[in-house]
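# Summary of structural features
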Amino acid sequence: MGAIVAVILLVSLLAARRVTAPLAGFAAAAERLSVDGQADPLPEEGPRELRAATRAFNRMQARLARFVADRTQMLAAIGHDLRTPITRLRLRAELVDDPEMQRRMLSDLDEMEAMISATLAFARDDAQREPRGRFDLADLLQSLCDDRVDAGHRALYDGPAHAVAEGRTVALRRALANLMDNAIKYGGGFTVRLETGPDGSQHRNALIHIDDDGPGIPEAEFEKVFAPFYRLERSRSRDTGGVGLGLSTARSIIRGHGGDVTLANRAEGGLRATVTLPL
Ligand SMILES: Nc1ncnc2c1ncn2[C@@H]1O[C@H](COP(=O)(O)OP(=O)(O)OP(=O)(O)O)[C@@H](O)[C@H]1O
Ligand SMILES: [Mg+2]
């Protein structure tokens, strides 16, 4: 009896393992897809039902990737095609007699061209998706600060000397640079603080705070400033340059890494932009 029970136990354990091991791989792949839309398709293995689920999952992933690519392509096409009518308008504006009216028309056309260039740059960078790799996040933040100090701005790094992370360095660099440049443009300088969770835990996050001493942003505008081309009224009138793509680009890149950006007004005054990034 003992021997039979032992054999039955062993066989059922093996059978259960055969089913659950690929399931664990399946769950890991779903998690990976949420962070990286370009992850490799899953190998179709295991019991029949799981193979069917894997196939459906791979198809869904391929469709999502194609959908995103199509949208980006469309954005690029619209941006590109708008250039011709703008050039025509510019020629016509040259024929306007009223000099004040002409100046305003040309300045509007300049603004439209800047928006289109920024849109095209966004579409282009998104299209050439760089591969993910390991890099030192602390190094990246320090070098971003150094560049800004060299340009004569106040930029302070506070955090560990090293923090290994994974992702697309060029894109992340641009996202963080956008947040820092906002802090400089609207807040006169910043301190960036990096915190990482305890080593060895499974879901470690990096927390990056970028604090400035500027006027902050009214709480009702927190979501709106992430919309493409949205700028607060005072930034338009102060003529700080920029088209209003900085925050939306930053958020799209950071969300593409499974993280997020949030804004808060600091009690001491100024804005705090917080980036969470899974390590
Ligand atoms: N640190 C900040 N302090 C105060 N206001 C800010 C700050 N960062 C952003 N804003 C406001 O949010 C708006 C949107 O920022 P975003 O970076 O998207 O665009 P931009 O800086 O105007 O232009 P771009 O980044 O494309 O050059 C800004 O115009 C500004 O009004
Ligand atoms: Mg900006």
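On a predicted model such as this, the values are computed, not experimentally measured, just so you know. (Residues numbered from 1 in each chain as written. Chains lettered and ligands numbered in written order. Predicted model: local features only at pLDDT ≥ 70, side-chain atom pairs only at ≥ 80, totals over all residues. Heavy atoms only, no water.)

## A short note on the sheet that holds strand S7 (residues 271-278)
With mixed pairing, the 5 strands of this open sheet are ordered in space as S2-S4-S5-S7-S6. Lying at the two open borders of the sheet, with one neighbouring strand each, are strand S2 (155-158) and strand S6 (260-265). Ignoring strand direction, the axes of neighbouring strands in this sheet form an average angle of 15°. When strand S4 (residues 190-196) meets strand S5 (residues 205-212), the two strands line up antiparallel, connected through 7 bridges. Bridge assignment links Glu 195 to a residue of S5, and that residue is Leu 207. Contacting S4, S5, S6 and S7, helix H5 (residues 169-187) crosses the sheet at an angle of about 20° to S5. (Pairing = 2+ DSSP bridges. Helix = DSSP H or I, 4+ residues; strand = E, 2+ residues; numbered from the N terminus. Axes fitted to C-alpha atoms, helices over the stretch in contact; angles between N-to-C directions. Contact = heavy atoms within 4.5 Å.)

## Digging into the side chain of Asn 58
Inspection of the secondary structure assignment puts Asn 58 in helix H2 (residues 48-93). Within the structure, the side chain of Asn 58 is placed 2.8 Å from the backbone oxygen of Leu 42, a separation counted as a polar contact. Aside from chain neighbours lying at most four places away, what touches Asn 58 is Pro 41, Leu 42 and Glu 44. (Polar contact = N/O pair within 3.5 Å; in protein donor to acceptor, adjacent residues only side chain to side chain.)

## Some details on the domain arrangement of the protein
Taken domain by domain, the protein holds domain 1 (1-124) and domain 2 (129-278). If you look at the interface, domain 1 gives 8 residues, while domain 2 gives 11 residues. Buried area between domain 1 and domain 2, summed over both chains or domains, comes out near 860 Å², and the portion from carbon and sulfur atoms is 66%. For the pair domain 1 and domain 2, the number of links is 0 residue pairs in polar contact (both at pLDDT 80 or more). Looking at the side of domain 1 that touches domain 2, the element that brings in the most residues is helix H3 (residues 99-127), giving 5 residues. Its residues assigned to classes, the side of domain 1 that touches domain 2 shows 5 nonpolar, 2 polar and 1 charged. (Domains from an automatic or database assignment. Buried area = accessible area lost by both parts, 1.4 Å probe. Nonpolar A, V, L, I, M, F, W, Y, C, P; charged D, E, K, R; others polar.)

## Quick look at the nonpolar core
Counting 41 residues, the largest nonpolar core has Leu 137, Leu 141, Phe 190, Val 192, Leu 194, Ile 208 and Ile 210 as its most contacted members. Those elements giving two or more residues to this core turn out to be helix H4 (137-150), S2, H5, S4, S5, helix H7 (246-255), S6 and S7. It is H5 that provides the largest number of residues to this core, a total of 9 residues. Membership of the second largest hydrophobic core comes to 5 residues, among which are Ile 86, Ala 93, Leu 109 and Leu 120. (Core = buried A, V, L, I, M, F, W, Y, C linked by side-chain atoms within 4.5 Å. Buried < 20%, exposed > 50% of the residue type's maximum accessible area, 1.4 Å probe, protein only.)

## Looking at a nonpolar patch on the surface
Together, Met 74, Ile 78 and Leu 82 give the surface a local cluster of nonpolar side chains, amounting to about 270 Å² of exposed area. Residue Ile 78 is classed as partly exposed on the basis of its relative accessible area of 47%. (Patch = residues over 30% accessible without salt bridge, like charges linked within 9 Å, V, L, I, M, F, W, Y side chains within 5 Å. Areas by Shrake-Rupley, 256 points an atom, 1.4 Å probe, with all protein chains shown as cover. Salt bridge = Lys/Arg side-chain N within 4 Å of Asp/Glu carboxyl O.)

## A closer look at the packing of helix H1 (residues 2-35) against H2
Across the interface, H1 lies against H2 with an axial gap of 11 Å and an inter-helix angle of 10°. If you check the angle between H1 and H2, you find them roughly parallel. In this structure, H1 contributes Pro 22, Leu 23, Phe 26, Ala 29, Ala 30 and Leu 33 to the contact, and H2 contributes Leu 50, Ala 53, Thr 54, Phe 57, Met 60 and Gln 61. In terms of residue class, the contact of H1 with H2 is built from 10 nonpolar, 2 polar and no charged. (Parallel < 35°, antiparallel > 145°, perpendicular 65-115°, else oblique.)

## Points about the environment of Ala 93
On the secondary structure map, Ala 93 appears in helix H2. The exposure class assigned to Ala 93 is buried, which follows from its relative accessible area of 0%. Sequence spacing of Ala 93 and Ala 28 is 65 residues, and the spatial spacing of their C-alpha atoms is 58 Å. Setting aside residues up to four positions removed in sequence, Ala 93 forms contacts with Gln 102, Met 105, Leu 106 and Leu 109.

## Describing the pattern of salt bridges
Counted under the stated rule, the structure contains 18 salt bridges. Ionic pairing is found between Asp 211 and Arg 266, a salt bridge with its closest N-O pair at 3.7 Å. Separated by 55 residues along the polypeptide, Asp 211 in strand S5 and Arg 266 in the loop between S6 and S7 bring together distant segments of the chain. A single burial state applies to Asp 211 and to Arg 266, both of which are buried. The partner of Arg 272 in a salt bridge is Asp 211, and the shortest N-O contact between them spans 2.8 Å.

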